[in-house]
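Coordinate analysis (summary)
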Amino acid sequence: MEVKTSLLDNMIGVGDMVLLEPLSEDSFIANLRNRFDHNEIYTYIGSVVISMNPYRSLPIFTPEKVEEYRNRNFYELSPHIYALADEAYRSLRDQDKDQCILITGESGAGKTEASKLVMSYVAAVCGKGQEVNKVKEQLLQSNPVLEAFGNAKTVRNDNSSRFGKYMDIEFDFKGDPLGGVISNYLLEKSRVVKQPRGERNFHIFYQLLSGASDDTLKKLKLDRDFSKYNYLSLDSAAVNGLDDAANFRTVRNAMQIVGFMEDEVQSVLELVAAVLKLGNIEFKPESRCNGNDESRIKDKNDLKEMCELLGTEQTVLERAFSYRTVEAKQEKVCTTLNVAQAYYARDALAKNLYSRLFSWLVTRINESIKAAPKSRHKVMGVLDIYGFEIFEENSFEQFIINYCNEKLQQIFIELTLREEQEEYIREGIEWTNIEYFNNAIICDLIENHQNGILAMLDEECLRPGTVTDETFLDKLNTICAEHLHFESRLSKSSKFLTDHSLPHNCFRIQHYAGKVLYRAEGFVDKNNDLLYRDLSQAMYKANHSLMKQLFPEGNPAKVNLKRPPTAGFQFRHSVGTLMRNLQTKNPNYIRCIKPNDKKASHIFTDSLVCHQVRYLGLMENVRVRRAGYAFRQAYEPCLERYKMLCKRTWPHWRGPAREGVEVLMADLTVPTEEFSYGRSKVFIRNPRTLFSLEERRRQCLQDLATLIQKIYRGWKCRSHFLLLKKSQIVVAAWFRRYAQQNKYKRIKSATTVVQSYTRGWQARKLLRELKYQKRCEEAVTTISAYWHGTQVRREYRKFFRANAGKKIYNFTIQRIMQKYFLGLKSTMPSMSPIDKSWPVKPYLFLDGVHSDLRRIFHLWRCKKYRSEFTEEKKAVFEEKLEASEIFKDKKALYASSVSQPFIGDYLEISKNPKYQKLNSAMDEKVLLADVVNKINRANGKGTARIFLLTKNSVVLADQKTGQVKASVPLPDLTSVSVSTQSDGFFALKLKEGSASAIKGDFLLSSEHLIEIITKLHRTGATAADSEQLNIDISDEFLVQFKHDKVCVKFIQGGPKNGNSVSCKRKNNRLLEVSVPSTV
Ligand SMILES: Nc1ncnc2c1ncn2[C@@H]1O[C@H](COP(=O)(O)OP(=O)(O)OP(=O)(O)O)[C@@H](O)[C@H]1O
Ligand SMILES: [Mg+2]
């Protein structure tokens, strides 16, 4: 939404002087000072802008500011030059009204800067595009060029415009710039040859010498040293804050942008150099025979160089400086020039050369920037003309300048009043006559065709006879004496006879801006602006591209005997044209004021400002503006601004704005004489009324502000609360969501765990099944593969090469085995079990089989052998076996018994008749009958006895008689003791207490001991009632002899016993048996 503001907002002092209350010069200046102190350099008087020169750069000309002021109404923002520029541009563009911007003010007040600001603003806001931008750039860049050639440092201004400039900028219907036309007015050319103290010549001279390259300077035959040139004042050649060298580059660049060709620039610089050279030409007097002095050039070097620069012949110029040809009708009179005249001629040439060059520059720029001829252009003119000047010594230039300002003031008053009047008529307000000072009378004094000062000056100049400044002054004194604004000591009016501030050679004019004293000296000359024809012809002849254009009157073919128009005439004429031009346009005024004479910021000199306020007629301006109504405002903005003061219009007025304002005024009880209703505006007569409205508004705004604040605070608190509440809900929602999410996540993860376990379980189960299935399949596959393999192998084995080896091997093995077995069959040992022979093993690998076969064969052979046994033989072998079990490895005698067959009945007792009786005495069959030695217990000697063994008893009988000596039933035998040695001793031990034991045990010796003991053991074992018979085998045992127990000890006998066993009784208790060791 666009914010509606007003000039009245945040005003420092008053932004529009029309509202000043009370209106006086003091309050006017105090307001300006107040605003100036607050950096408010612009103040309005209605639509006129007063601009104070700040003498420093303020941050109010930025692109942002341009945007701020763009398309805003004039009174909407605080006063600014941009507001005026915007207003002018918009009414040009939108209402098709040609505009002119008149910038006035004294030297150094900021006119040129203001004109540049206006131009740059318009350039910024108007259309864009490549072509448009080029035009803009050319228009803007014409300024530095013209400033370099037309501006100079003066005591008042370091960049003082020494010419008047009016620039028409032309726009198309859209408001895009098309081009422009510059008009220049009266360059202060006297400055070329002489500058007042503390001032400089035109900038370009200094810029050229400081900024041009050595090469350029050489070409121009110039020296960088300013002091080498008479036309350049030395005391103020350097200006603070002015960089001539840099500015030269800017100017060159600007010339290029504007469209100067390189050779044109060169030509221009050559002329500038020529002017400098010209100043260095000096003359010396040379007496002639006729008594007159003639001038001669002192040093011709400068002349020569100048002629080279201009392309003129040296002699022609030399002559032109020495002679003057005057042509009158058909006559030609040639007179010599004295030194003073020569200097005059030189300076005149310099001034003319420079001023014509300047005019040429303007024309050339115009050529570049001119718009293509089209139907109609809208035009905005910007006038930057030298300001009203009052110097200590004022001459023709000041007179002309002040005349111009006088004219501008006139047009200003006329147009302001006219505008005011027009507005009243437009608005239907009754027009009341306004008293104001009209300076038309002063203009008339100067420009009147019959008796105006300029006309009289021209008259004097044209008059034949002696014409001097004095004669001119006399003429003024006679003709203008009565004029109210003319003052002279010698005038007929006696008023000034005693006025010593008015010298005799001066006259004074009461300008609208103050009285100015003019010295008459030089008026005639300057008005004549005489350049000797010889010089102009010499210049015309020059071989230089510009000269013919600059000095057209030098063309001998077009010799014009008529005097050229005077400077005054020309100026009056061009001012007249300018005024007519301005009157056709809508004027906009910028009135520049300089705050001090020191070119310093922050200094506000009241007296100086007061002086300017006076001569600019600003108070007048305010009065004119306020004569009827001080303030006016369109109904809409007025209602908008004050509607809050009335309940009916606040906050909205639905009807037409005018009615709203009427209601408002009625409600506020503003006296009716204080305001008037126009067609579109309300007019307020007195600023007081406006300020009271403003004050009420301010109060009301405060109340409104409080209300707004209250509502705002309430709203803020409420919205804060609502926000908190909303936030709380959001937070709670988020928290709940968070909690639920967490819960959900937990459940989800638990579910996932359970699920995963279940799935795991299912998966494992499935896996098991699948594995099982797979294993089955694999097994099936394997089995079938094996089966198929087997099948295939079986079927195809025979075809397998791999099996050949095995087959061959098996075959070989079979063959070997076959051969082995067949060989074995043929080499079989005998069937005797004791035959230990066995064929040698043919192969090492048959070792096990061979030995097994040997064992099997042996066992089989033994079995065969055993199967052939009879019962008796079997019994014999059983006995042998038992003997072996009892004695093998226990008794040395055993080995010798093995080969002896157990015959048993060695005595053939049944057959031998000798023992018939004994035999018959036996109730049982005799199992063994042998002769044994019964060892005598007394001496150890043996007695032969027959030993019989039956199934039940052991019988000892006498060998010779066959008489039974002792019969011992087997059950009475407890044990049999034998030695370990090869003897045949054995003791039969009887059961104690038995009947047989009375005689004691029997110690016997037999050759068949092994057989006897074996049979005894066998029999005893088979006897029904006998216990197992113990066989005690040891080398020492006890034998019970009747009452004694005797130890029988067997020792290895020595050699004395020979090979026989001897038994000796050693003592009662020891019976020693020596057994030969080699038995
Ligand atoms: N708006 C401004 N902001 C800053 N400085 C300014 C402004 N206006 C003027 N000046 C300063 O004042 C100086 C003089 O201004 P300017 O040349 O515009 O004066 P002028 O009125 O054209 O004088 P003259 O009549 O001699 O040409 C400038 O060189 C500049 O330093
Ligand atoms: Mg200027």
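See the structure shown above.
Residues numbered from 1 in each chain as written. Chains lettered and ligands numbered in written order. Predicted model: local features only at pLDDT ≥ 70, side-chain atom pairs only at ≥ 80, totals over all residues. Heavy atoms only, no water.

1. Description of the overall build of the protein chain
Rule in force here: Working definition: helices are DSSP H or I runs of at least four residues, strands are E runs of at least two. Numbering for both runs from the N terminus. Only C-alpha atoms enter the radius of gyration; for comparison, a globular chain is expected to reach 2.2 Å times N to the power 0.38, where N is the number of residues. Burial classification: accessible surface area is computed with a 1.4 Å probe over protein chains only, and a residue below 20% of its type maximum counts as buried, one above 50% as exposed, and the rest as partly exposed. Each accessible area is a Shrake-Rupley result for a 1.4 Å probe, and residues are judged covered by the shown protein chains and nothing else.
Helix and strand content of the protein chain: 32 helices and 31 strands. Taking 2.2 N^0.38 as the reference for a compact globule, 1079 residues should give roughly 31 Å; the C-alpha atoms of the protein chain span a radius of gyration of 83 Å, well beyond that estimate. Principal-axis analysis of the C-alpha atoms places the extent of the protein chain at approximately 240 × 90 × 75 Å. Within the protein chain, buried positions represent 48% of all 1079 residues. In the structure as shown, the protein chain presents an accessible area of about 55300 Å², 53% of it carried by carbon and sulfur atoms.

2. Overview of unusual backbone geometry
Note that the residue after E21, namely P22, is joined by a cis bond; omega there is -5°. Assignment of secondary structure puts P22 in the segment before α1 (25-37). W650 connects to P651 through a cis peptide bond whose omega is 0°. Relative to the elements of secondary structure, P651 occurs in the loop between α24 (635-642) and α25 (657-667).

3. Digging into the packing of aromatic side chains
Heads up, the condition is: Stacked, tilted and edge-to-face are the three classes assigned to paired rings of Phe, Tyr and Trp, where Trp is represented by its six-membered ring and a pair needs centres within 6.5 Å; plane angles under 30 degrees give stacked, over 60 edge-to-face, the rest tilted.
Following the criterion strictly, the structure yields 39 aromatic pairs and no others. Between F399 and F507, the aromatic rings sit 6.2 Å apart at their centres with planes inclined by 75°, giving edge-to-face as the arrangement. Pair noted here: F399 is in helix α14 (residues 396-427) and F507 is in strand β14 (residues 506-511), with a separation of 108 residues, a long-range link. Each of the two residues, F399 as well as F507, counts as buried. Measuring from ring centre to ring centre gives 5.7 Å for F486 and F507, while their planes differ by 25°; the resulting arrangement is stacked. With F486 in strand β13 (residues 486-488) and F507 in strand β14, this residue pair connects regions lying 21 residues apart in the sequence. F507 carries the same exposure label as F486, and that label is buried. Every member of this aromatic cluster is reached through a ring pair, and the members are F396, F399, F472, F486, F507, Y518 and F523.

4. Digging into the site of ligand 1
We count it as follows: The nearness test applies per residue and asks whether one of its heavy atoms lies within 4 Å of the molecule or strand. Polar contacts here mean pairs of N or O atoms no more than 3.5 Å apart (in protein, one a potential hydrogen donor and the other a potential acceptor; neighbouring residues in sequence count only if both atoms are side-chain atoms). Three residue categories are used. Nonpolar comprises Ala, Val, Leu, Ile, Met, Phe, Trp, Tyr, Cys and Pro, charged comprises Asp, Glu, Lys and Arg, and polar comprises the others, including Gly.
Within the structure, ligand 1 sits among 18 residues, and N53, S107, K111, T112 and S160 are positioned closest to it. A distance of 2.6 Å separates an oxygen atom of ligand 1 from a polar atom in the side chain of S107. The contact in question runs from an oxygen atom of ligand 1 to an N or O atom on the backbone of G110, over 2.9 Å. Surface burial for ligand 1 is 86%, taken as the share of its 620 Å² of free accessible area covered by protein chains. Per-element accounting of the shell around ligand 1 gives the leading share, 3 residues, to helix α4 (residues 111-125). A per-class count over the shell around ligand 1 returns 4 nonpolar, 10 polar and 4 charged.

5. Overview of the nonpolar core
Put simply, the rule reads: Residues enter a nonpolar core if they are buried and are Ala, Val, Leu, Ile, Met, Phe, Trp, Tyr or Cys, with the set joined through side-chain atoms within 4.5 Å. The contact rule is simple, with two residues in contact once any of their heavy atoms fall within 4.5 Å.
Counting residues in hydrophobic clusters, the biggest one holds 214 residues, and the most contacted among them are F28, F149, F321 and F507. With sequence-adjacent residues up to four places away left out, F321 is seen in contact with L278, I281, F283, S295, I297, L303, L337, A342, A345, R346, L349 and L535. Grouped together as the second largest cluster of nonpolar side chains are 30 residues, I886, V954, V976 and L1004 included.

6. Some points on the coordination of the magnesium ion (ligand 2)
Worth spelling out the cut-off: Atoms of type N, O and S within 2.8 Å of a metal are treated as its donors, and for Na, K and Ca the window is 3.2 Å; water is not considered, so some sites may appear to be missing partners.
Taken together, T112 (OG1) and S161 (OG) make up the protein donors of the magnesium ion (ligand 2), found 1.9 to 2.1 Å from the metal. Here T112, found in helix α4, pairs with S161, found in strand β5 (residues 160-161); they are 49 residues apart in sequence, far enough to count as distant.

7. What to know about the state of the cysteines
Basically, it comes down to this: Here, two cysteine sulfur atoms that lie within 2.5 Å of each other are counted as a disulfide.
As enumerated under the stated definition, the model contains 0 disulfides in all. Between C126, a cysteine without a disulfide, and C100, which holds the nearest cysteine sulfur, the sulfur-to-sulfur distance is 19 Å. According to the relative accessible area criterion, C126 is buried, its value standing at 3%. Just so you know, C307 is unpaired, no disulfide at all, and the nearest cysteine sulfur is the one on C334, 18 Å from it.

8. Looking at the pattern of salt bridges
Definition in use: In the sections that follow, a salt bridge refers to a side-chain nitrogen of Lys or Arg positioned within 4 Å of a carboxyl oxygen of Asp or Glu.
A complete count under the given rule lists 58 salt bridges for this structure. D223 is paired through a salt bridge with K228; the nearest N and O atoms lie 3.0 Å apart. When its relative accessible area of 44% is taken as the criterion, K228 is described as partly exposed. For the salt bridge of K475 with E460, the shortest nitrogen-to-oxygen distance reads 3.7 Å. Note that K475 is positioned in helix α17 (residues 469-479) and E460 in helix α16 (residues 453-462), a separation of 15 residues in sequence. There is no split in this pair, since K475 and E460 are both buried.

9. Details of the packing of α1 against helix α22 (residues 606-615)
Spelled out, the test is: To obtain each axis, a line is fitted to C-alpha atoms, and for helices this fit is confined to the stretch in contact; angles are then taken between N-to-C directions over 0 to 180 degrees. Less than a right angle of anticlockwise turn of the near helix away from the far helix marks a crossing as left-handed, whereas a clockwise turn marks it as right-handed.
α22 packs onto α1 with a crossing angle of 115° between their chain directions and a minimal axis gap of 10 Å. Here α1 and α22 pass one another in a crossing that is right-handed. Side by side, α1 and α22 meet where E25, F28, I29, L32 and R33 of the first sit next to D606, V609, C610, V613 and R614 of the second. Residues of the contact of α1 with α22, tallied by class, amount to 6 nonpolar, no polar and 4 charged.

10. Observations regarding the sheet that holds strand β21 (residues 942-950)
The condition is simple: Two strands are said to pair when DSSP picks up at least two bridges between them.
Strand order in this open sheet of 8 strands is β23-β22-β21-β20-β26-β25-β24-β27, and the pairing throughout is mixed. On the outer flanks of this sheet lie β23 (964-969) and β27 (1030-1033), each paired with one strand and no other. On average, each strand axis in the sheet is inclined to that of its neighbour by 30°, with strand direction left out of account. Pairing geometry for strand β24 (residues 973-978) and β27, over 4 bridges, is parallel. Looking at the pairing, S977 lines up with D1032 of β27.

11. Considering helix α28 (residues 847-867)
Here is the rule we go by: One less than the number of residues in a helix, times 1.5 Å, gives the span that helix is expected to have. Working note: the arc is built from the helix axis to C-beta atom directions.
For α28, with 21 residues, the first-to-last C-alpha span of 30 Å sits near the 30 Å given by 1.5 Å per residue. What α28 keeps buried is the set H850, F857, R861 and C862. What you see down the axis of α28 is that its buried residues fit within an arc of 135°, all on one side. Turned more than 90 degrees off the buried face of α28, the exposed positions are K863 and S867.

12. Regarding the sheet that holds strand β19 (residues 681-684)
Spatial ordering of the open sheet is given by β17-β19-β18, a layout of 3 strands whose pairing is antiparallel. The open sheet has two edge strands with one neighbour each: β17 (631-634) and β18 (675-677). In this sheet, neighbouring strand axes are inclined to one another by 20° on average, regardless of whether the strands run parallel or antiparallel. Sheet topology note: the β17/β19 ladder contains 4 bridges and is antiparallel. For Q633, the partnering residue across the bridge sits in β19 and is V682. Set on the sheet, α14 makes contact with β17, β18 and β19; between it and β19 the angle comes to about 120°.

13. Let's talk about the side chain of R572
The cut-off we apply is this: The convention is simple: Lys and Arg are positive, Asp and Glu are negative, and His and the chain ends are not counted.
By secondary structure assignment, the location of R572 is in helix α21 (residues 567-583). Buried and unpaired, R572 has D458 as its nearest opposite-charge partner, separated by 4.8 Å. Ignoring any residue separated from it by four or fewer positions in sequence, one finds R572 in contact with Y403, E447, N448, H449, L454 and A455.

14. Notes on the packing of helix α7 (residues 203-211) against helix α9 (residues 244-258)
We apply this condition: Angle categories: roughly parallel below 35 degrees, roughly antiparallel above 145, roughly perpendicular from 65 to 115, and oblique for all the rest.
Packing of α7 against α9 brings their axes to within 7 Å, and their N-to-C directions diverge by 100°. Classified by the angle their axes make, α7 and α9 are roughly perpendicular. For the pair α7 and α9, the contacting residues are Y206, Q207, L208, S210 and G211 in the first and D244, A245, N247, F248 and V251 in the second. Here the contact of α7 with α9 is built from residues that sort into 5 nonpolar, 4 polar and 1 charged.

15. Side note on the environment of H544
Here H544 shows up in the loop between α19 (533-541) and α20 (547-550). Each residue touching H544, except ones within four places of it in the same chain, is listed here: S267, E270, L271, L309 and L310. At 2.8 Å, the side chain of H544 forms a polar contact with the side chain of E270.

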